[in-house]
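Report on the structure
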Amino acid sequence: MKTFPRGGVHPPENKLSAGVPVEVLPVPGTVVVPLSQHLGAPAEAVVAKGDRVLVGQLLGKAAGFVSAPVHSPVSGTVAGVDMVANGSGIKGLSVTISVEGDEWMPQIDRTDRVGYDCQMSAEEIVKKIADAGIVGMGGATFPTSVKLTPPQGKKAEMLIINGVECEPFLTSDHRVMLEHTAEVLVGVGLLARALGVEKTFVGVENNKPDAIDVLRKVYGNILRELPPMEIVPLKVKYPQGGEKQLITAITGRTVPSGGLPIDVGCVVQNVGTAFAVYEAVMKNKPLVERVVTVTGAVERPANFLVRIGTPVSALLDAVGGLPEDCGKVIGGGPMMGRAMSNLDAPVTKGTSGILVLDRRTAVRCAESDCIKCGKCLTVCPMGLEPYLLAPLVQKQRWDEVETHRVMDCIECGCCSYTCPAKIPLLDWIRLGKAEVGKIIRSRLNR
Amino acid sequence: MIYTVVVLVVLGVLLAGVLFVVAKRFHVEEDPRIDTVEGLLPGANCGACGYPGCRGLATALVTDYSEELYCPVGGASTMGVVAEFLGRAAVVREPEVAVVRCGGSCAVRPVLSHFDGARSCAVAASTYAGQTGCSFGCLGMGDCVSVCDFDAIYMDASTGLPVVSDEKCTSCGKCVKACPKVIIELRRKGPKGRRVFVSCVSRDKGAVTRKACQAGCIGCGKCVKVCEFDAIAMADNLAYIDPVKCRLCRKCVGECPTGAIVETNFPPKKVVAEV
Amino acid sequence: MEHKLTISPSPHLFSRRSTRGIMGDVLIALLPALAVSVWVFGFDVLAVTAVAVGSCVVFEWLAGRFLLGDGGTSVGNLSAVVTGVLLAFNLPSNIPLWLVILGSFVAIGIGKMTFGGLGKNPFNPALVGRVFLLVAYPVQMTTFPPVDGVSGATPLALAKSGGLDAVDYNSLLMGFKSGSLGEVAALALLLGGLYLLARRVITWQIPVAVLGSMALFSAVLWFVNPGVYMSPLFHLLTGGAMLGALFMATDYSTSPMGWRGGLIFGTGIGVITIVIRLWGAYPEGMSFAILIMNSLVPLINKVRR
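Residue positions within a chain follow its written sequence, with the count starting from 1. In the order they appear in the text, chains get letters beginning with A and ligands get numbers beginning with 1. Restriction of local features to residues with pLDDT of at least 70 applies here, the model being predicted, together with a cutoff of 80 or more for giving and counting side-chain atom pairs; totals for whole chains, interfaces and linings are based on all residues. For side-chain calculations, the full set of non-hydrogen atoms in the structure is used, while hydrogens and water are omitted.

1. Describing the overall build of chain A
Note the threshold: Secondary structure follows DSSP: runs of H or I at least 4 residues long count as helices, runs of E at least 2 residues long count as strands, and numbering of each begins at the N terminus. Radius of gyration here uses only the C-alpha atoms, and the compact-globule reference equals 2.2 Å multiplied by the residue count raised to the power 0.38. Categorising residues by exposure relies on relative accessible area from a 1.4 Å probe, with only protein chains included: less than 20% of the type maximum marks a residue as buried, more than 50% marks it as exposed, and the intermediate range marks it as partly exposed. Residue contacts are defined here by distance: any two heavy atoms, one from each residue, within 4.5 Å place the two residues in contact. Here the accessible surface of atoms and residues is derived via Shrake-Rupley with a 1.4 Å probe, and residues count as covered only by protein chains that are part of the display. His is not counted, nor are the chain ends, whereas Lys and Arg count as positive and Asp and Glu as negative. Charge coordinates come from a single atom per side chain, which is NZ of Lys, CZ of Arg, CG of Asp or CD of Glu.
Secondary structure assignment for chain A yields 14 helices and 17 strands. In summary, chain A has a C-alpha radius of gyration of 21 Å against a globular reference of 22 Å for 446 residues, a match within 12%. Principal-axis analysis of the C-alpha atoms gives chain A an extent of 65 × 50 × 50 Å. A total of 446 residues make up chain A; the buried ones form 59% of that total. Sequence separation of 24 or more characterises 73% of the internal contacts of chain A that already satisfy a separation of 6 or more. Summing over all exposed atoms, chain A offers an accessible surface of approximately 17,300 Å²; the carbon and sulfur share of this is 54%. When the 48 positive and 46 negative side-chain charges of chain A are each reduced to one mean point, those points stand 5 Å apart.

Encoded structure:
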């Protein structure tokens, strides 16, 4: 069975909510929709306080090429367009909407009927995806339409669909693959059409055998409707869901240092994104809701279909509230997610899960001296030397940090995870990446 | 025995010859004044002047003199001596000192969360807004302390805020760059070290600031009204006292409802006998 | 908010492995060899080991408390215990106990703590202690107690002086031979090494490179002239080959990072060991070989990049 060759770790999977079907979470009374839910320029607000909006109505339009529009996830009245704190307490321009009823834009098809035939050209599909505000749903939130438009002189040869969900605890992609198999596959077909690729692979780790089976079965049934694709089971290893790792695992190709997947002719998209693409193209539905796993030390781990902008606290209430000994709430998975300080913050396009840790797991162990065991080096999927980088960052020797390829770091956290001395390697490396990034940018500007 | 002596002598002469040739061949002609000027500079090699070390500045002063070149550590006296040596007019700058513009001590700013990452303000700042309700205030992990070459800053354990020593601070500005929240400002030292400044950088609306911290500037504007010298400006819910215009009358200090305006090194006010 | 949430950068999940756990695993892996040693040499073994461990821990604590200023907390990571056991394993069981204390002082005090403690020492501390004793007190260090009534010379010393008639591989494997107290039980050491491999405390590269290069080198010579040179199997089962390859060369801070560096490092040790054994002044060269290669580790780490 395939996997990526270099590094990686095996954290306990803890997929507590894998068997729990997706429930629809009731629409909350108020939603907060940040205008920056994606990488790139924040959207520009096109509504003002007092405006009436419907579900799917445009709230903010894309500001530039690398940007994405934002749509209203509810119907109601705009209560304000102002600075609201996100999960980390950092404020950003957001649209607050008081919910009234649940009225959708008339062109949105809300039936369950799966649509197959699409006569649109590649350009039309990409336009539709861009207008629907679709971004990478795995958590990176890079605008999908940008990825579907390879830069001049580069050609995508294959499309790789990421159904790996290698983060422990998270099950939202798994549930989407199980419950919306046909839709996901149609979405994958649309993505393949948009890119004009001949080969498409759907990579799924073999801890989800049910998803692999059902994908294969449904694909067999609707074969005629779809471009050729292959469902590839992968050996479980974190961080298989990293773009570069997934490409190497499936195709054997290696993205060069500092390069992008397109440099080796690959485009990677998440299964959640494929589902959103299906809904946008076949159902005219912009990205206004997503599946979120709420799990960890909660009473009833679950998967919810949540409107964007719903406060995280509402999700936590739905699984029985915060437990007594709650130590940490994480937006995303335990390896790459962000710890939250503000639980009133809204669910955004990139929120794949909310993970609650108890006090004991929340606090890190005390740090001790590096024993030079080299484990960080063997687990680093990018072949970096974390034990060397971390002290260099602390000494602020940025030129050496750069020559040790800090910019190749994918921030997967394997080094910190594995370190027996419990050194916060990634904390330092991430800081080094930010500083070196600044230095590189100022050098380019000069 | 004699053989050994001969071998060593020959070897010595040979190597001395090599050294001689190399020294002649690769000799670099350098203005001898650079050495003298370097000797006049403080020798802290802190880089505050923008050059790599004191020799860098000395070279620049000798070869490429301009008014812009200034050693903040040595200050007016050092620059005067250097200018005299080089036969130039001395550059005089007002002595400055690093000022911490945050009064959010543990007592007035409730801590809402607990940071558990690498002990660094830079890491904390890139992780979240801060452990209190204030997203502008001091993170308290002492990046400014560790970056100071002059041992002029320490963390006050009781307040959780950094304290700058007026005597030791050389206004090199390293802490200003190190602080991810841009709290530290280089300000005029003032006569006898007397300064009046707003000890807060929060741009939140007044209500938000007040909820997060009892000592924050809430942007009420009382200080602006009371100032007779037009020295206080209000922008984004935050007052700023212009050190050049400020006459140190201290009227604003008493007027500030949250005590965000701080005075330093003034003699204690005389207690006015109640009539 | 009544809950004070913890905030930290990702990752939020950590492996259960700790420095202390790793050292504990090494100690477990050394147990079978210790047991065999007690069986072969008697209870002197326990006395030597206890004194070595005790004095290593005391010196570590003293140095940590009064020199490094860590309050002596580094004792808790068990690395001093490991150094103590390894040092004891490199000593004859009938050595005077005051020499053990001296060796521990050199191992911990000079070999480790002067460099700043665990992870910063360039040379394997236990070997620094052993080599110091070997050079300073050669008589005490090379007088071994008799095993099964046979005189106390090691098989390697006998081979070197030409006094070895027949080789009984069985007793070499099981440990019924003369030698330092921990190095004799080849099979038990191998067992411990396999445990470390299974627990992923060590990787296969260094042990395999050491033993492989020793075997290959001695095999070539043996094929050329079996009358003069001993067989590769003999070399692998005698002296400190097993102990060195599995436990001493694999010491984290004194071995290179990564698999390629490990192979270079191990090969160097194997070749130097055989060279010393066959043409050097000492009958055994493992400890010198490891120390020599220790000094090359920074270089190997650079080349590997």
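After presenting the structure, the write-up continues.
2. Side note on helix α9 (residues 186-198) of chain C
All names here are of chain C. To keep it simple, the criterion reads: Given the number of residues in a helix, its expected span is that number minus one, multiplied by 1.5 Å. The arc in question is traced by the directions running from the helix axis to the C-beta atoms.
Between its first and last C-alpha atoms α9 spans 18 Å; for 13 residues at 1.5 Å apiece the expected length is 18 Å, and the two agree. When we look at burial in α9, the residues that qualify are Ala186, Ala188, Leu189, Gly192, Gly193 and Leu196. Considered in projection along α9, the buried side chains sweep an arc of 165° and stay on one side of the axis. In α9, the exposed positions angled more than 90 degrees off the buried face are occupied by Leu191, Leu194 and Ala198. In the core, the buried residues of α9 are packed alongside α1 (19-41), α8 (169-174), α11 (232-237) and α12 (241-248). Positive phi shows up at Arg200, right after α9, with a value of about 60°.

3. Regarding the interface of chain C and chain B
Let me state the cut-off plainly: Buried area adds together the accessible area that both of two parts lose upon being put together, with accessible area traced by a 1.4 Å probe. Whenever two N or O atoms come within 3.5 Å, that pair is a polar contact, provided that in protein one can donate a hydrogen and the other can accept it, and provided that, for residues adjacent in sequence, both atoms are side-chain atoms. Three classes are used, and their members are as follows: Ala, Val, Leu, Ile, Met, Phe, Trp, Tyr, Cys and Pro are nonpolar, Asp, Glu, Lys and Arg are charged, and the others, Gly among them, are polar. Here, a strand pair is defined by DSSP locating no fewer than two bridges between the strands.
If you look at the interface, chain C gives seven residues, while chain B gives 10 residues. It is C:Lys4, C:Ile7 and C:Pro9 that lose the most area in chain C upon contact with chain B, and together they represent 66% of the buried surface on that side. Linking chain C with chain B are three residue pairs in polar contact (both at pLDDT 80 or more), by the criterion used here. Taken together, the residues that form the side of chain C that touches chain B break down as three nonpolar, three polar and one charged. Sheet topology places strand β2 (residues 113-115) of chain B next to strand β1 (residues 5-7) of chain C; three bridges connect them, and they run parallel. Among the inter-strand pairings, B:Ser113 is bridged to a residue of β1(C), identified as C:Leu5.

4. Focus: the sheet that holds strand β2 (residues 30-34) of chain A
A sheet is described by the order of its strands in space; here four strands give the open sequence β2-β8-β7-β4 (chain A), paired in antiparallel fashion. Looking along the sheet, the strands with just one partner apiece sit at the ends: β2 and β4 (52-53) of chain A.

5. Some remarks on the nonpolar core
Among soluble globular proteins, nonpolar side chains are generally buried collectively. To keep things clear, this is the line we draw: Working definition of a nonpolar core: buried Ala, Val, Leu, Ile, Met, Phe, Trp, Tyr and Cys residues. They are joined through side-chain atoms within 4.5 Å. Just so you know, the domain bounds were taken from an automatic or database domain assignment.
Ranked by size, the top nonpolar core spans 78 residues in total, and within it C:Phe247 and C:Ile269 carry the most contacts. For this core, the element with the highest residue contribution is α1(C), accounting for 11 residues. Counting contributing residues per domain, this core is built from domain 1 (19-140) and domain 2 (150-304) of chain C, each supplying no fewer than three. Those residues in contact with C:Phe247, other than ones at most four positions away along the chain, are C:Val26, C:Ala29, C:Leu30, C:Leu86, C:Leu189, C:Gly192, C:Gly193, C:Leu196 and C:Met242. Membership of the second largest hydrophobic core comes to 49 residues, among which are A:Ile129, A:Ile212, A:Ala276 and A:Val291.

6. Remarks on the packing of helix α4 (residues 181-195) of chain A against helix α7 (residues 271-283) of chain A
Residues and elements named next belong to chain A. Heads up, the rule is: To obtain each axis, a line is fitted to C-alpha atoms, and for helices this fit is confined to the stretch in contact; angles are then taken between N-to-C directions over 0 to 180 degrees. Angles below 35 degrees are treated as roughly parallel, those above 145 as roughly antiparallel, those between 65 and 115 as roughly perpendicular, and all remaining angles as oblique.
For the pair α4 and α7, interaxial distance at closest approach is 7 Å and the crossing angle is 80°. Between α4 and α7, the crossing angle belongs to the class labelled roughly perpendicular. Residue-level inspection shows Glu183, Val184, Val186, Gly187, Val188, Leu190 and Leu191 of α4 in contact with α7, the latter providing Val271, Ala274, Phe275, Val277, Tyr278, Val281 and Met282. The residue makeup of the contact of α4 with α7, split by class, is 12 nonpolar, one polar and one charged.

7. Some points on a nonpolar patch on the surface
We count it as follows: Two joining distances apply to patches: 9 Å for like charges and 5 Å for nonpolar side chains (Val, Leu, Ile, Met, Phe, Trp, Tyr), and every residue must have over 30% relative accessible area and no salt bridge. Criterion for a salt bridge: a side-chain nitrogen of Lys or Arg within 4 Å of a carboxyl oxygen of Asp or Glu.
Nonpolar side chains collect at one region of the surface, where B:Ile2, B:Tyr3, B:Val6, B:Val7, B:Val10 and B:Leu14 lie side by side and expose about 630 Å² of accessible area between them. B:Leu14 gets classed as exposed once you look at its relative accessible area, which sits at 55%.

8. Side note on the state of the cysteines
The condition that has to hold: By convention in this document, the label disulfide applies to cysteine sulfur atom pairs within 2.5 Å.
As enumerated under the stated definition, the model contains zero disulfides over all chains in all. Left unpaired, A:Cys365 is separated from the closest cysteine sulfur, that of A:Cys419, by 11 Å. With no disulfide of its own, B:Cys213 has B:Cys134 as its nearest cysteine by sulfur position, at a separation of 6.3 Å. The class of B:Cys213 is buried, set by a relative accessible area of 8%.

9. Concerning the interface of chain C and chain A
Across the contact, 30 residues belong to chain C and 50 residues belong to chain A. Carbon and sulfur atoms make up 58% of the surface buried where chain C meets chain A, a total of about 3,300 Å² over both sides. Between chain C and chain A we count one salt bridge in total. Between C:Lys120 and A:Asp369 there is a salt bridge, and its shortest N-O distance comes to 3.4 Å.

10. Here we look at the domain arrangement of chain C
Residue and element names in this part refer to chain C. Under the domain assignment, chain C is made up of domain 1 (19-140) and domain 2 (150-304). A C-alpha centroid distance of 20 Å is found between domain 1 and domain 2. In this assembly, 36 residues from domain 1 lie in contact with 33 residues from domain 2. Taken together, both faces of the contact between domain 1 and domain 2 bury some 2,800 Å²; the carbon and sulfur share is 72%. Run the count over domain 1 and domain 2 and you get one salt bridge. The partner of Arg199 in a salt bridge is Asp25, with the nearest N and O atoms 3.0 Å apart. Secondary structure elements with two or more residues in the side of domain 1 that touches domain 2: α1, α2 (44-68), α3 (79-89) and α5 (125-136). Considering every element that reaches the side of domain 1 that touches domain 2, the biggest residue donor is α1, with 13 residues. Class assignment for the residues of the side of domain 1 that touches domain 2 results in 27 nonpolar, seven polar and two charged.

11. As for the domain arrangement of chain A
Residue and element names in this part refer to chain A. If you check the domain split of chain A, you get domain 1 (122-283) and domain 2 (375-445). Using C-alpha coordinates to define each centre, domain 1 is positioned 29 Å away from domain 2. Taken together, the contact pairs six residues of domain 1 with seven residues of domain 2. Of the roughly 510 Å² buried where domain 1 meets domain 2, counting both sides, 58% is carbon and sulfur surface.

12. Focus on α7(A)
Residue and element names in this part refer to chain A. The end-to-end C-alpha distance of α7 is 17 Å, a good match for the 18 Å that 13 residues give at a rise of 1.5 Å each. For α7, the buried fraction is high: 13 of the 13 residues fall into the buried class. Of the residues flanking the start of α7, the one acting as N-cap is Asn270, its side-chain oxygen 2.6 Å from the backbone nitrogen of Gly272. In the segment just after α7, Asn284 is the residue with positive phi, at about 60°.

13. Some points on the packing of aromatic side chains
Residues and elements named next belong to chain C. To keep things clear, this is the line we draw: Working definition: rings of Phe, Tyr and Trp (its six-membered ring) pair if their centres are within 6.5 Å, and the pair is stacked with planes under 30 degrees apart, edge-to-face with planes over 60 apart, and tilted otherwise.
Throughout the structure, instances matching the rule amount to eight aromatic pairs over all chains. Between Phe59 and Phe105 the ring centres are 5.3 Å apart and the planes differ by 70°, which places this aromatic pair in the edge-to-face class. Linking Phe59 in helix α2 with Phe105 in helix α4 (residues 97-110), this pair joins segments that are 46 residues apart in sequence. Under the relative-accessibility criterion, Phe59 is labelled buried at 19%. Centre to centre, the rings of Tyr229 and Trp279 are 6.4 Å apart; their planes meet at 75°, and the pair counts as edge-to-face. Of the two residues, Tyr229 sits in the loop between α10 (205-224) and α11 while Trp279 sits in helix α13 (residues 258-279), which places them 50 residues apart along the sequence.

14. Brief notes about the side chain of A:Glu167
Residues and elements named next belong to chain A. Its location among the elements puts Glu167 in the loop between β9 (158-162) and α3 (172-179). Although Glu167 is buried, it makes no salt bridge; Lys15 carries the closest opposite charge, 7.7 Å away. Within the structure, Glu167 has its side chain in polar contact with the backbone nitrogen of Met335 (distance 2.9 Å).

15. Here we look at unusual backbone geometry
Residue A:Pro239 is reached from A:Tyr238 by a cis peptide bond, and omega for that bond is 0°. Secondary-structure assignment places A:Pro239 in the loop between β11 (230-234) and α6 (243-251). Between C:Ser10 and the following residue, C:Pro11, the backbone shows a cis peptide bond with an omega angle of 0°. With respect to the helices and strands, the residue C:Pro11 is situated in the loop between β1 and α1. Here the phi dihedral of B:Asn45 falls at roughly 50°; this positive angle occurs in a residue that is not glycine.

16. As for the pairing of strand β4 (residues 161-164) of chain B
Residues and elements named next belong to chain B. When strand β3 (residues 153-156) meets β4, the two strands line up antiparallel, connected through four bridges. When the bridges of β4 are listed, Tyr154 appears paired with Val163. Where β3 folds back on β4, the antiparallel hairpin that results is connected by four residues, among which Gly160 adopts a positive phi of roughly 75°.

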